[in-house]
Amino acid sequence: MSLAPALNPFTVVLIPFIGALAIALAARSPRLRDAFCWLAPIPFFIGVLGQIGPVLEGRFAPQTLVEILPGLGITFSVQPLGLTFAILASTLWVLATPYAIGYMRGEGYGNLARFFACYAIALGAAAGIAFADNLLTLYIFYEILSVSTYPLVAHTGTDKARQGGRTYIALLLVTSVCFMLPAIIWTWHAAGTLDLRPGGILGDAVGPGTGAVLLLLFMFGTGKAALMPFHRWLPAAMVAPTPVSALLHAVAVVKAGVFVALTVALYVFGLDYLAELATRDFVLYVATFTMLAASLVALHRDNLKSRLAYSTVSQLSYIVVGAMLASQWSAIGGGMHMLMHGFGKITLFFCAGAIFLATHKSNVSDLDGVGRRMPFTMLAFFIGALCVIGLPPTGGVWSKMHLIMGALDTGESLVVVAFVLSTLLNIGYLLPPVMRAFLRPLPEGEPSGMQEAPMLCVVPLCLTAIGTLVLFFLAGHAYGLLSLGIN
Amino acid sequence: MEWLGHFNYWIVVVLMMIGFYGVIARGNMVKKILALNVFQTSVFILFISAGKIIGGSTPILREGVSAYSNPLPHVLILTAIVVGVATVAVGLALAIRIREAYGSIEDDRIAAQEADEENRQSEPSR
Amino acid sequence: MTVVELSPFSMLVPLIASAVCALLPGRLWPWLLTFAAAAASAVIAAITLAAAMDGPLSYAFGNWEPPIGIEYRIDAANAFVALLVSAVAAVILPWAKTSVDQEVPERQGPFYALFLLAFAGLMGITLTGDAFNVFVFLEISSLATYALIAHGQDRRALLAAFRYLIMGTVGATFLLIGIGFLYMMTGTLNMVDLAQRLPELRDTATVEVALAFIVVGMGLKLALLPLHLWLPNAYTYAPSFISVFLAATATKVALYVLLRFTFTVFAPDYSFVALPLAVVLMALAIAGMVVGSWVAIYQANIKRMLAYSSVAQVGYMVLGVSLVSVTGLTAALLHMFNHALMKAALFMALGTIAYQVGSVRIEAFRGLGKRMPWTLTAFALAGVSLIGLPPTAGFISKWYLISAAVESGHAWLVALIVITSMMALIYIWRVLEAAWFRQPAEDAPAVTEAPLRLLIPVWVLVAANFYFGIDTRLNVGAATAAAEALMGGIPGGAP
């Protein structure tokens, strides 16, 4: 990857923030604003790619920006898992930008400068989480991400949007401030460090009782991982315009949540210590329950976005389960699933938005025959669905395979059963929209013939669908990268 | 009869309680301020009492006298009296301004006026 | 001139300036003199703090050697508070000019003279090492403050000032009684001297009563629940400038006096161990945190909302004190500093809104986000600091406070701290939601963004909230040094 310069991690994190500032300052001039929107993701993407070289060579030099407390500062370093998350977010930002511009124009939304500035800040915060070298840095960017996405959720300012936004911000902040922050301070107190290091920092520092409590605080404190009963924010966030749901609530925000869960499991507790903790089983079964229960709810949702939201809740729990199984296979599987599900789910959301834009249909039961009018979109939807379900020839198959292998490895047969059951449920709620769209006739009186959404929307969704297929072949590289950090 | 020997302290306590009661129980602002002054005065007496030494003379250096009363409390209380006078002045000035603004210096009447106004303010906004 | 000789001038400059200021005519000159005095005072306080970090400074007034004469004894703790008070005064004055011109259009000479008097009083309380001197300066600043509050435009300001006068005088008199008892027992008023003589007398009832009177007296000035009743009205109806100044400094100085007496004059093992002060303070602090935050949520007047929030924030500080550890004390002092930053920023943003809109009721905020984006963004960011999210100064306070609670083994305190922080989130959020996601009322007057001369000082303070949340050397360093100085017993003296 000599094509991309190896910048400092902090510089990479800074790029989206600078982009946000430029967008905000260009609020008066739509042309300039759009130009900045187009431009901002590109240097960010290149910057993230530039990190691959150093990581493969095994150079993890932490970069301390400023010391906030004695011995504890805002510190960045690039580690394989974080890099995977950053690659995911930066790639999809490049693809989501034209979609967002097309969608927001097509639907005639206002306040676009605020919208795109917050969008960029959210990506910067995600990068900050990905490259954080200690829990404090991670927490800071985690909160920036929560706060910066609130204006996006409540964007339209209607009563419903504000209601959804309130649920969103309340659940995210309450869990992080009430559970995660005390857990971090407690860790600092007990271990004397917050650095994220392979093998964990808590193992020698606290007894099993304290460790068990800390695990609960960390896992339920990561509201973005949407463990039940703190999953309500994700369906509530669906009042946001679809580009937000797609990039943020299928990728950046939720993946930040599971990234934190994985990071905490790997680098704060360490897999060996994690396996000994009394509450690990409890969290594992809560996650397993969430996985199944959310799938069941999704099955009954007629609103397409809402169905996808519950599907996301369920899929996030796959990754938490992967972390809680505390085996190498499952952790790598979790990391891969973060990547695969990101591509798959963003495709699905893009399609849902495109359908709404072109036909103003938002319910699954209205989708009869839509495949004839929007063949590209529905084909992409089909591929995305395959990826989320975990069928070849998409990348999703590999991550699911690793997760199931991890479960078999640790002898958690109940979890294996749950994985299989959940996969069946995935098929049950993701394929009917496709079948309706292609196999049923259009309702009476609707014009037939191609009527796709604007090109700005259709091209990105095709690209992400192709991405899931490409990942089927690139999964080996992802495995190689992740296994560097998980040993 | 030992307690009589401390009669100055008893006076302090009685004055203090009278003053404190007045501050709390009186609705008239001028009376409140006067009660506050009584309350403060009791503390002045407390300080002055502390400075007195039985058989001590005025604190002026002269032949044939070995025990002097402590002059420091007097000095302190001179300052405190000035503070007290200033407090009363500010309090009374405020009472005059309140009388100008409300037409009364009775707590309950002013409270009634305020309640009326509060009701008028909040109604049209709803 | 050495630093020791220079140090009392941070109190003397405003005191002398106030006498001159009262005579100055017009609008420009009084303000200019006040600003110059505050800035000079802040510079002197900064120099003093730098010197006091190495060891206590002692200045004998009129060359009367302590303990006979009045001594100014300055260690890290009071130098820190002095810098806080004077720096806040210097930073808010550029903002105050415009606001005061609108709210107090006439006779500004005496107005600024009163302000300087209140300011000098607070500096005097902070710097002095003499117990009776504390009382005198307390009354100087309080009397000036009553008059300042009465300058508010609303006639209720008069009632608020009167009520504060009654309660404040009772509080100060309590302090006087306490000091009187101490003097009767020890024969000295010098704090160092008192600290040395009290251990022999610690079992007497008189000393216990003295401590009780001092704590109650300062609890009143500190607005510690249930002695907080004067505060909400005083902050609500005072002129905006005075609200900012009081919110940022007055309660902090009262807290400092409480700390000085309980930690230095009486040793912490006496105040908190022999007497159940720790338990009492903790209970009151928690009550303040919960009740203050709760009541704040329901206020329609945003200035009053912030005032109740101050009651809650005082609770955090006292909670830190009641843990009686270096970490707890550091948290209290740090929050004292950080709270001054955030509340000053919030009250200034609010004052700016009052200047432009003419109302601070929640209905007036509807749709303001678009009309006054810079002011409201400043309010939002300062609010983030108040809630305690990173990377702001408020986060650092919360971090230390939670650390102290974890250290003390009271896990339920951690829960309380985070729950009350969430209540802060609710009351700040109400305002922001009204500002950005509600349409203005149809009969709302047209409003434009505030002028730069108001905005720049607000943003300076907002920036400070973020600066001190990232580069914490000054506030954490000074707070730690101050906490160690206080825990050490004798002012600034290592054992």
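Note that this is a predicted model, so its numbers are computed, not measured.

Chemist: Any chance you could explain the overall build of chain A here in plain terms?
Modeler: Secondary structure assignment for chain A yields 20 helices and two strands. Scaling as 2.2 N^0.38, a compact globule of 487 residues should have a C-alpha radius of gyration of about 23 Å, and chain A matches this with 21 Å. The dimensions of chain A, computed from C-alpha atoms along their principal axes, are 70 × 55 × 45 Å. Of the charged side chains in chain A, 24 are positive and 20 negative, and the gap between their average positions amounts to 11 Å.

Chemist: I'm lost on a nonpolar patch on the surface in this one. Help?
Modeler: Residue and element names in this part refer to chain A. Taken together, the side chains of M455, V459, L463, I466, V470 and L474 define a hydrophobic patch exposed on the protein surface, amounting to about 510 Å² of accessible area. Position of I466 among the secondary structure elements: in helix α20 (residues 455-485). Of the residues examined, I466 reaches a relative accessible area of 44% and is grouped as partly exposed.

Chemist: Would you explain the environment of C:N465 in this entry?
Modeler: Residue and element names in this part refer to chain C. On the secondary structure map, N465 appears in helix α20 (residues 452-470). Through-space distance from the C-alpha of N465 to that of R438 is 28 Å; in sequence the pair is 27 residues apart. If we skip the residues at most four places from it in the chain, N465 touches N338, L341, M342, A345, S385, T392 and A393.

Chemist: Any chance you could explain the interface of chain A and chain C here in plain terms?
Modeler: Each partner contributes residues to the interface: chain A has 32 residues there, and chain C has 26 residues. Summed over both sides, the interface of chain A with chain C buries roughly 2,700 Å², with 78% coming from carbon and sulfur. On the chain A side of the contact with chain C, A:I68, A:R162 and A:I185 bury the most area, a combined 20% of that side's loss. Our count for the contact surface shared by chain A and chain C stands at two salt bridges.

Chemist: Would you mind showing me how to read the packing of aromatic side chains here?
Modeler: Centre-to-centre distance and the angle between the planes together describe a pair of aromatic rings. Enumeration according to the criterion identifies 51 aromatic pairs over all chains in this entry. Between A:Y99 and A:Y103, the aromatic rings sit 6.0 Å apart at their centres with planes inclined by 20°, giving stacked as the arrangement. Placement of both A:Y99 and A:Y103 in helix α5 (residues 80-107) is noted, with a separation of four residues, approximately one turn of the helix. Neither A:Y99 nor A:Y103 differs from the other in exposure class; each is buried. An angle of 85° between the planes, with centres 5.1 Å apart, marks the rings of A:F115 and A:F116 as edge-to-face. Side by side, A:F115 and A:F116 carry an identical accessibility label, which is buried. Grouping aromatic residues by their ring pairs yields a cluster made of C:F111, C:Y112, C:F115, C:F119, C:F241 and C:F245. We note A:K224 situated over the ring of A:Y142; from NZ or CZ to the ring centre the distance is 3.4 Å. In this arrangement the basic side chain of C:R155 is found over the ring face of B:Y102, its NZ or CZ atom lying 4.0 Å from the centre.

Chemist: Got a minute to help me understand the side chain of C:S309 in this structure?
Modeler: Relative to the assigned elements, C:S309 resides in helix α14 (residues 302-322). Every residue in contact with C:S309, bar those within four places of it in the chain, is listed here: C:A296, C:K343, C:L386 and C:Y427.

Chemist: Just to check I follow, could you spell out the interface of chain C and chain B for this structure?
Modeler: Size of an interface: often given as the accessible area lost when the parts come together. Counting residues at the interface gives 29 residues for chain C and 38 residues for chain B. Taken together, the two surfaces of chain C and chain B that pack against each other cover about 3,100 Å², and 78% of this comes from carbon and sulfur. Our enumeration of links across chain C and chain B arrives at two salt bridges. Between C:R155 and B:E117 there is a salt bridge, with the nearest N and O atoms lying 3.0 Å from each other. Counting across the interface, chain C meets chain B through five residue pairs in polar contact (both at pLDDT 80 or more). When contributions to the side of chain C that touches chain B are tallied by element, the ones reaching two or more residues are α6 (131-149) and α7 (156-186) of chain C.

Chemist: Explain the nonpolar core to me, please; I cannot follow it from the model alone.
Modeler: One broad rule of soluble globular proteins: the nonpolar side chains tend to lie buried together. Judged by nonpolar contacts, the single largest core of 432 residues is most densely connected at A:Y119, A:I129, A:F269, A:M324, C:F135, C:F241 and C:W399. A per-element tally of this core places helix α11 (residues 242-269) of chain A first, with 21 residues. For this core, the domains that each give at least three residues are domain 1 (1-265) and domain 2 (279-487) of chain A. When neighbours within four sequence positions are excluded, C:F135 is seen to be in contact with B:A80, B:V83, C:A172, C:L175, C:L176 and C:I179.

Chemist: Got a minute to help me understand the confidence of the model for chain B in this structure?
Modeler: Should pLDDT be low for a region, the predicted coordinates there are not to be read in detail. For chain B, per-residue confidence averages 85 on the pLDDT scale, and residues scoring 70 or more make up 92% of the total. Our summary of model confidence lists the complex with pTM equal to 0.86 and ipTM equal to 0.91.

Chemist: Sorry if this is basic, but what is going on with the domain arrangement of chain A here?
Modeler: Residue and element names in this part refer to chain A. As far as domains go, chain A holds domain 1 (1-265) and domain 2 (279-487). Between domain 1 and domain 2, the contact holds 53 residues from the first and 47 residues from the second. It is Y99, M228 and L262 in domain 1 that bury the most area against domain 2; as a group they hold 15% of the surface buried on that side. Seen at the junction of domain 1 and domain 2, the total is zero salt bridges. The interface formed by domain 1 and domain 2 includes nine residue pairs in polar contact (both at pLDDT 80 or more). Listed by contribution, the elements that provide at least two residues to the side of domain 1 that touches domain 2 are α4 (52-56), α5, α9 (208-221), α10 (233-236) and α11. If one sorts the elements of the side of domain 1 that touches domain 2 by residue count, α5 sits on top with 19 residues. Here the side of domain 1 that touches domain 2 is built from residues that sort into 40 nonpolar, eight polar and five charged.

Chemist: Please clarify how the environment of A:A323 should be interpreted in this entry.
Modeler: Residue and element names in this part refer to chain A. With respect to the helices and strands, the residue A323 is situated in helix α14 (residues 304-325). In sequence terms A323 and G334 are eleven residues apart; their C-alpha atoms lie 6.6 Å from each other. Excluding anything up to four places from it in sequence, A323 contacts A261, L262, A265, L271 and L274.

Chemist: Explain helix α8 (residues 191-201) of chain C here, please?
Modeler: Residue pairs spaced three or four apart in an α-helix point in one direction, given the helix's 3.6 residues per turn. Residues and elements named next belong to chain C. The set of residues buried in α8 consists of M191, V192, D193, L194, A195 and L198. In this structure, the buried side of α8 is in contact with β2 (71-74), α6, α7, α9 (205-222) and α11 (240-265). For α8, the N-terminal cap is N190; the gap from its side-chain oxygen to the backbone nitrogen of V192 is 2.9 Å.

Chemist: I keep staring at the pattern of salt bridges and nothing clicks. Help me out?
Modeler: When the charged atoms of two side chains with opposite charge come close together, those side chains can pair. Under the counting rule described, the total for this entry stands at 22 salt bridges over all chains. Across the pair A:R280 and A:E412 runs a salt bridge, and its minimum N-O distance is 3.7 Å. Of this pair, A:R280 sits in helix α13 (residues 280-299) while A:E412 sits in the loop between α18 (396-409) and α19 (413-439); the two residues are 132 residues apart in sequence, bridging distant segments of the chain. Counted as one network, the salt bridges with shared partners bring together A:D159, A:R162, A:R166 and C:E433.

Chemist: How do you make sense of the arrangement of the chains when you look at a structure like this?
Modeler: The interface with the highest contact count, out of two pairs of chains in contact, is the one between chains B and C. Separating chain A from chain B is a minimum C-alpha gap of 18 Å, and the two share no contact.

Conventions adopted
- Residues numbered from 1 in each chain as written.
- Chains lettered and ligands numbered in written order.
- Predicted model: local features only at pLDDT ≥ 70, side-chain atom pairs only at ≥ 80, totals over all residues.
- Heavy atoms only, no water.
- Helix = DSSP H or I, 4+ residues; strand = E, 2+ residues; numbered from the N terminus.
- Rg over C-alpha atoms; globule rule 2.2 N^0.38 Å.
- Lys, Arg positive; Asp, Glu negative; His and termini not counted.
- Charge placed at Lys NZ, Arg CZ, Asp CG, Glu CD.
- Patch = residues over 30% accessible without salt bridge, like charges linked within 9 Å, V, L, I, M, F, W, Y side chains within 5 Å.
- Areas by Shrake-Rupley, 256 points an atom, 1.4 Å probe, with all protein chains shown as cover.
- Salt bridge = Lys/Arg side-chain N within 4 Å of Asp/Glu carboxyl O.
- Buried < 20%, exposed > 50% of the residue type's maximum accessible area, 1.4 Å probe, protein only.
- Contact = heavy atoms within 4.5 Å.
- Buried area = accessible area lost by both parts, 1.4 Å probe.
- Phe/Tyr/Trp six-rings, centres within 6.5 Å; stacked < 30°, edge-to-face > 60°.
- Lys NZ or Arg CZ within 6 Å of the ring centre and 35° of its normal.
- Polar contact = N/O pair within 3.5 Å; in protein donor to acceptor, adjacent residues only side chain to side chain.
- Core = buried A, V, L, I, M, F, W, Y, C linked by side-chain atoms within 4.5 Å.
- Domains from an automatic or database assignment.
- pLDDT = per-residue confidence, 0-100.
- Nonpolar A, V, L, I, M, F, W, Y, C, P; charged D, E, K, R; others polar.

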